[in-house]
Amino acid sequence: MATEIWQLSESELLADAIAASHDIQLLEARRIALVAEIDTRVSREKLGFPGPAGWLTATTLLTPSKAHKIVALARGLKNFPDIADAVNTGVMSVDHAALILAFAETPPKNLPQEGRDIARTAMITAATGPGARTDKIREAITKLEDTYGGNKPPPEDTDRNELFASKMLNQRLCLKADFDAVTAEKLFTALSPLTEPRPAADGTPDERSPAQRRADAFGQILDHYLASKDRPTEGGERPHINLHITLRDLQSRGDDITEDENSHAAHESDTDAKAGDGTDENISTATEPDDLTGSADGCDGATRPSQDRGAYRDLFGDGTTVGWLPWMGPLSRNTSRQLACDCLLTAIALDENGSPINLARTARTVNAKQKRALTARDHGCAFPGCGKPAAWTEGHHIWHWTDGGPTDMNNLVLLCGFHHRLIHHSDWEVFIGTDNHPWFVPPATVDPSREPRQSHARAGPHIA
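Residues numbered from 1 in each chain as written. Predicted model: local features only at pLDDT ≥ 70, side-chain atom pairs only at ≥ 80, totals over all residues. Heavy atoms only, no water.

Asks: Can you help me understand helix H4 (residues 64-76) in this one?
Replies: Owing to its 3.6 residues per turn, the α-helix brings residues three or four apart onto one side. End to end, H4 covers 18 Å across 13 residues, agreeing with the expected 18 Å (1.5 Å per residue, within 8%). Buried within H4 we find Ala-67, Ile-70, Val-71, Leu-73, Ala-74 and Gly-76. In the core, the buried residues of H4 are packed alongside helix H1 (10-41), helix H3 (52-59) and helix H6 (94-105). (Helix = DSSP H or I, 4+ residues; strand = E, 2+ residues; numbered from the N terminus. Expected span 1.5 Å × (residues − 1). Buried < 20%, exposed > 50% of the residue type's maximum accessible area, 1.4 Å probe, protein only. Contact = heavy atoms within 4.5 Å.)

Written out as structure tokens, the structure reads:
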């Protein structure tokens, strides 16, 4: 019987923590090896995704970035046995292996083969054991790139340009960029006139930090771009922000919004808002939002348990009870109303399950209003575990158009290019359930019981 942690001595605690860490390294190495084999042997149809990264994200607790890193290691370590040995024996972390592998796969242009081998060996040594330090490895890589990187000096080498945009767990966005000097100059030139401190009318100094002023200026640059008529189109439309929020939440939240504000949101609202609960396009018919606190029961003012339970049942809903952005996800009601004060309001009537009421159409292709309604229902690619943004999706006819299927809401589902092809050329099936949302049936090779799965936006925890 294993000893409880609280019963361990100090020395045993330290030793067990070290041993557990080593075991984790070995398990990570085994996972990489398994993914390498999956990548080689398991078909896309059985995975249900273009590659192992999407499958890992959908079926494990891994984030997309971590899953992609594992797949990159699984594919790359086959070509560099020395890095693979360090990982498989648990003497090098996966993060350090990924860093060295990236250098090994794309070494500086003018670094000779002998130099590449020597440099890789030195980096493996530097990354081995508890004394390994990432900054030292990065420093060595930078020196080699600066010395052997090519004819262009680093400030002028556009091949090194990178821009990373990572959505964080708190629903914020983290940007990281590495630009050449000319691109950087363009950025500073655009930011400069917008980052000057702006004192208030009464002379109160601008209390924003320089970093806050730059962030605000970047937002203004995006506003100017999205307002331009020369920007390219995506999905047949010029790019614009789409906000989805139920009409009742847009109109009222208790007593914190006035009659004038209701009118302003209704008539002056380029953001799309969706109407909820089967209302028509008249904003004045919206109802009050559900009271999450429950109502008083009798003279003692106690909350009825049944009402309280029902109020929280959809706590983990599908984005229909708060504002929702196709790229970034949930948005508070207050910020949603702020956006709605200067936008074009498109009303989309929804039934009690949050599905748009059918918009029939006899043409083959999905029109703009239907695409907005499908986005309101599916949010993006509806295939379980995918969820690619709506801008990257296509309207799929469940009953094929060539077989007589109509271009109606109850015969359409949003799918990305890969999953659109998968549905057409595999035994995966999709149907609209009694809740008016898409459900997917995997082939027997994936799930012998062929248990239907909810669409991506609907899947997740719910309070029973």
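This is not the end of the story, as more comes after the structure.
Asks: Is there a simple way to think about unusual backbone geometry in this case?
Replies: Glycine aside, a negative phi is what most residues show, and trans is what most peptide bonds show. The phi torsion at Asn-436 lies on the positive side, around 65 degrees, for a residue other than glycine. Position of Asn-436 relative to the elements: it lies in the loop between strand E9 (429-432) and strand E10 (438-441).

Asks: Before we go on, may I ask you to explain the pattern of salt bridges in this structure?
Replies: Close approach of charged atoms allows side chains of opposite charge to pair. Taken as a whole and assessed by the stated rule, the structure comprises 15 salt bridges. The closest approach of N and O atoms between Lys-66 and Glu-28, which form a salt bridge, is 3.8 Å. Of this pair, Lys-66 sits in helix H4 while Glu-28 is found in helix H1, placing the two residues 38 residues apart along the sequence. Overall, Lys-66 belongs to the partly exposed group, its relative accessible area being 23%. In this structure, Lys-109 engages Asp-159 in a salt bridge whose closest nitrogen and oxygen atoms are separated by 3.4 Å. Here Asp-159 lies in the loop between helix H8 (134-148) and strand E1 (162-167) and Lys-109 lies in the loop between H6 and helix H7 (113-126), a separation of 50 residues in the sequence. (Salt bridge = Lys/Arg side-chain N within 4 Å of Asp/Glu carboxyl O.)

Asks: Explain helix H16 (residues 417-424) to me, please; I cannot follow it from the model alone.
Replies: Taken together, the buried positions of H16 are occupied by Phe-418, His-419, His-420, Leu-422 and Ile-423. Buried residues in H16 make contact with helix H2 (44-47), strand E7 (393-397), strand E8 (412-416), E9 and E10.

Asks: I would appreciate a short explanation of the side chain of Ser-426 in the present structure.
Replies: Structurally, Ser-426 can be placed in the loop between H16 and E9. The class of Ser-426 is buried, set by a relative accessible area of 16%. Looking at Ser-426, its side chain comes within polar contact range of the main-chain oxygen of Leu-422, at 2.5 Å. Among the polar contacts made by the side chain of Ser-426, one reaches the main-chain amide nitrogen of Trp-428 at a distance of 3.3 Å. (Polar contact = N/O pair within 3.5 Å; in protein donor to acceptor, adjacent residues only side chain to side chain.)

Asks: Looking at this structure, I do not really get the side chain of Arg-208. What am I missing?
Replies: By the element assignment, Arg-208 lies in the loop between helix H9 (181-191) and helix H10 (210-227). Residue classification places Arg-208 among the buried residues on the basis of a relative accessible area of 18%. Only 2.7 Å separates the side chain of Arg-208 from the side chain of Asp-216, close enough to count as a polar contact.

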